[in-house]
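Remarks on the overall topology
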Amino acid sequence: MYHRVTDKPGGTDDRTPAQFRAELERLASENYVPITAAEYVSGKIDIPAGTHPVVLTFDDSSPSQLTLDAMGTPQPNTAVGILLDVSKKHPGFRPVATFYVIRDMFGKFTPEERAQVLGWLRDNGFDIGNHTRDHLNLLGKSEKEVTEQIAAGQKLISDLDKKVQVHTLALPYGNQPRDKQWALHGSANGVRYDYQGVFLAGYTPAPSPFTKEFNPVGIPRIRSMDKKGDCVKFCSTAWLDELKAHPDERYTSDGNPTTVAFPKFKAPFVAKTFTTNALPY
């Protein structure tokens, strides 16, 4: 989970370009391959055998994540610019990510400018998700307030680019509404949303989408940060160290997106919807 990528971090959610690049380089060197949130929640994990999927998510649609120059090319020190550069050096490292947008749309103000940025992301294989229109904390809010904010975020995206398919929502501050299902399905003011996954803001790796543990209304994410303070155990560097030390805990692709391969003794943990894809060994 990333927010701003800036030379002057303003808080613990921000990363410098050098820090962001270093983390991507580490992911590439340890055989992680980016997939989108939409691919993850649908189980469409099509990456080479022996590699590990990682979902890169960006909240709040900051200009530090993507700013296009006069030729429509991402600025090199933005998150997208860095991701594209790392992927060139590591051809197997797919340059894809999911952007959870709000009304502050990459620092753009006119509908044309906003549509241009969304269109660039869509045309280049990136995934766009809803983060609500106003980044309102949904904790304790009524069903009407929750559905209005989510529907307004959905409308914000669809009004700018009707070709964008929104499959997931990231909850502002990671706070779930009183009824968790309100975040997944609902309608307000003539706008309906029907998502496949709702993402939180921490603190553990997400489970395989093929297991019974997968919960579409509360998918955890890992904050990108070094091992310090509250991140000694629960942020990206700590979890990458943990998974490197215990490789059996990582999702490892069998190279075939139509099968789910696993040791026979883990059969009881497979979700029923994927039993036809099961390939126990």
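This section reports on the structure supplied with the text. Predicted model, so just to flag it, every value in this text is computed and none were measured.

Conventions used here
- Residues numbered from 1 in each chain as written.
- Predicted model: local features only at pLDDT ≥ 70, side-chain atom pairs only at ≥ 80, totals over all residues.
- Heavy atoms only, no water.
- Helix = DSSP H or I, 4+ residues; strand = E, 2+ residues; numbered from the N terminus.
- Rg over C-alpha atoms; globule rule 2.2 N^0.38 Å.
- Contact = heavy atoms within 4.5 Å.
- Salt bridge = Lys/Arg side-chain N within 4 Å of Asp/Glu carboxyl O.
- Buried < 20%, exposed > 50% of the residue type's maximum accessible area, 1.4 Å probe, protein only.
- Phe/Tyr/Trp six-rings, centres within 6.5 Å; stacked < 30°, edge-to-face > 60°.

Within the protein chain, the regular secondary structure consists of seven helices and eleven strands. By the compact-globule yardstick of 19 Å for 281 residues, the protein chain fits well, its C-alpha radius of gyration being 18 Å. Within the protein chain, counting contacts between residues at least 6 apart in sequence, those at least 24 apart form 61% of the total.

Below, the discussion takes up the pattern of salt bridges. If you walk through the whole model with that rule in mind, you get 18 salt bridges. Among the ionic pairs, Arg223 bridges to Asp13, the shortest N-O distance being 3.9 Å. Taken together, the residues span a long stretch of sequence, with Arg223 in the loop between strand 9 (197-199) and helix 6 (231-234) and Asp13 in the segment before helix 1 (17-29) at a distance of 210 residues. Judged by its relative accessible area of 31%, Asp13 falls in the partly exposed class. The closest approach of N and O atoms between Glu30 and Lys244, which form a salt bridge, is 4.0 Å. Taken together, the residues Glu30 in the loop between helix 1 and strand 1 (32-35) and Lys244 in helix 7 (residues 236-245) connect sequence positions 214 residues apart. By relative accessible area, which is 53% here, Lys244 ends up exposed. Among the ionic contacts, a cluster of salt bridges with common partners joins Arg26, Glu30, Lys227, Asp241 and Lys244.

On to the packing of aromatic side chains, then. The geometry of an aromatic ring pair is captured by two quantities: the separation of the ring centres and the angle between the planes. By the definition in use, this model includes 14 aromatic pairs. Arranged with centres 4.9 Å apart and planes meeting at 15°, the rings of Phe58 and Phe99 form a pair that is stacked. Note that Phe58 is positioned in strand 3 (residues 57-59) and Phe99 in strand 4 (residues 98-101), a separation of 41 residues in sequence. Judged by relative accessible area, Phe58 falls into the buried class, the value being 1%. By relative accessible area, which is 1% here, Phe99 ends up buried.

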